[in-house]
Amino acid sequence: IGDILVLEKEPEAGRHASGRNACLLRQAVESEESAKLIQETRRALENPPADWPNREVYRAEGSIMLGEHQHLKALRKVLFRVGGKAELFRRAELNLDFFPHWREILAKADFEALLFSPEDGVVDVAGYLQNLIAGAEDHGVEFRFACETTNLRPENQGWRVFAGGGEFSGRCLINATGAWADRLATISGFKPRNLQPMRRHLFASKKSSWHPPAGTYLWDLRHECYFRRFGENLLLCAGDETPHSASNPSVDPSVETELLKKLRQ
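Throughout what follows, the structure given in this document is the object of discussion. (Residues numbered from 1 in each chain as written. Predicted model: local features only at pLDDT ≥ 70, side-chain atom pairs only at ≥ 80, totals over all residues. Heavy atoms only, no water.)

In this section: the nonpolar core. Of all hydrophobic cores here, the largest spans 30 residues; its most connected members are Met 65, Leu 72, Leu 75 and Leu 115. Of the residues forming this core, the biggest block, 4 residues, is contributed by helix H2 (residues 69-81). Membership of the second largest hydrophobic core comes to 19 residues, among which are Trp 102, Ala 109, Leu 218 and Ala 238. (Core = buried A, V, L, I, M, F, W, Y, C linked by side-chain atoms within 4.5 Å. Buried < 20%, exposed > 50% of the residue type's maximum accessible area, 1.4 Å probe, protein only. Helix = DSSP H or I, 4+ residues; strand = E, 2+ residues; numbered from the N terminus.)

Before going further, it helps to spend a moment on the sheet that holds strand E13 (residues 203-204). Sheet architecture is open: 7 strands sit in the order E5-E6-E4-E14-E15-E16-E13, paired in mixed fashion. Either end of the sheet is taken by a strand with one partner, and the two such strands are strand E5 (87-90) and E13. Alignment of E13 against strand E16 (residues 233-237), held across 2 bridges, turns out to be antiparallel. In the strand pairing of E16, Ala 204 is matched with Leu 235. (Pairing = 2+ DSSP bridges.)

When helix H6 (residues 254-264) is considered as a whole, its buried residues turn out to be Val 255, Leu 259 and Lys 262. One side of H6 holds all its buried residues, which, seen down the axis, span an arc of 65°. When the buried face of H6 is taken as reference, the exposed residues oriented beyond 90 degrees from it are Thr 257 and Arg 264. Those residues of H6 that are buried are in contact with E13, strand E15 (225-230) and E16. (Arc of directions from axis to C-beta. Contact = heavy atoms within 4.5 Å.)

Applying the stated criterion across every chain yields a total of 13 aromatic pairs. Ring geometry for Trp 102 versus Phe 227: centroids 5.9 Å apart, planes at 40°, classification tilted. Here Trp 102, found in the loop between E5 and helix H3 (103-108), pairs with Phe 227, found in strand E15; they are 125 residues apart in sequence, far enough to count as distant. Of the residues examined, Phe 227 reaches a relative accessible area of 9% and is grouped as buried. Of the aromatic side chains, those joined through ring pairs into one cluster are Phe 89, Phe 98, Phe 99 and Phe 116. We note Arg 26 situated over the ring of Trp 219; from NZ or CZ to the ring centre the distance is 4.6 Å. (Phe/Tyr/Trp six-rings, centres within 6.5 Å; stacked < 30°, edge-to-face > 60°. Lys NZ or Arg CZ within 6 Å of the ring centre and 35° of its normal.)

Take the layout of surface pockets next. Approximately 630 Å³ is the volume found for the second largest pocket. Lining the second largest pocket are 25 residues, and of these Ile 105, Phe 227, Leu 236, Leu 263 and Arg 264 lie nearest its centre. At the level of secondary structure, the elements contributing two or more residues to the lining of the second largest pocket comprise H3, E13, strand E14 (217-220), E15, E16 and H6. Here the lining of the second largest pocket gets 6 residues from one element, more than from any other, and that element is H6. By residue class, the composition of the lining of the second largest pocket is 14 nonpolar, 3 polar and 8 charged. (1 Å grid on protein atoms, 1.4 Å probe; cavity = no way out; pocket = protein on both sides within 12 Å on 5 of 7 lines; lining within 4 Å. Points joined across faces, edges and corners; volume = space filled by probe spheres on them. Nonpolar A, V, L, I, M, F, W, Y, C, P; charged D, E, K, R; others polar.)

Of all 5 residues in strand E6 (residues 113-117), 5 are buried; the element is thus mostly enclosed. Covered by surrounding structure in E6 are Ala 113, Leu 115 and Ser 117 together with Leu 114 and Phe 116, the residues of both alternating faces. In terms of strand pairing, strand E4 (residues 63-67) meets E6 through 5 bridges, oriented antiparallel. The partner of Leu 66 across the bridge, within E6, is Leu 114.

As a further point, take the pattern of salt bridges. For the coordinates displayed, the defined rule picks out 18 salt bridges. Glu 10 serves as the salt-bridge partner of Arg 15, at 3.9 Å between the closest nitrogen and oxygen. Between Lys 108 and Glu 104 there is a salt bridge; the shortest N-O distance is 3.7 Å. Here Lys 108 and its partner Glu 104 are both found in helix H3, 4 residues apart, which amounts to about one turn of the helix. The same class applies to Lys 108 and to Glu 104, which are both exposed. If you follow the salt bridges from partner to partner, you end up with Lys 9, Glu 10, Glu 12 and Arg 15 in one network. (Salt bridge = Lys/Arg side-chain N within 4 Å of Asp/Glu carboxyl O.)

Written out as structure tokens, the structure is:
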């Protein structure tokens, strides 16, 4: 396929959305096309290539999703169509002994139904990224870190890229700059696609005496918040999603108040 060069503006991979996320694999989604891709991802994580240096990158101990019965029923229908597994329980029919680690939480929670997806879980994102980089390098891909692209332009049958104080040329160019994609296009004289970067907050609790299983998470769709185990703490999210400039995101202190409100509900 030819030589491949990756120009990364940060000193390491995964400094932004690729590495700073809740690391959840959730199979029950509205879009069947997305659900197919998630199934492919799950199978790859559970059966990694023999040459991956980090083979234990996925812990599947199931997810608990709370919400309206009809909504969860529709999610399960999509999941079944792509070969996934899930069990649906109405609140009134739920045997809390089936979820011993979550019994106290579920007994107090406000929900109409519960969807349990046993093959959902938590990904070791750092280990996964290391696998991808190592595998790419084994196949001849070159990475240059701390090499920010400042301009690019078409040239003959390919492209010329100005990055990290140097110039590079190639037949094919992929603008994979995420939140910075429109900015790079604009400074290079191309029409932007009107992509809007978004910000979401994650919170780590103080050391907790209550620990759910390490590969399980709870996602409340009615109140749109989720949390999982995070070492000896909990990792929590209020499900917020607000526009933000393409930069290291600032923290909005009001989101913590919103998270606590949702958790109480």
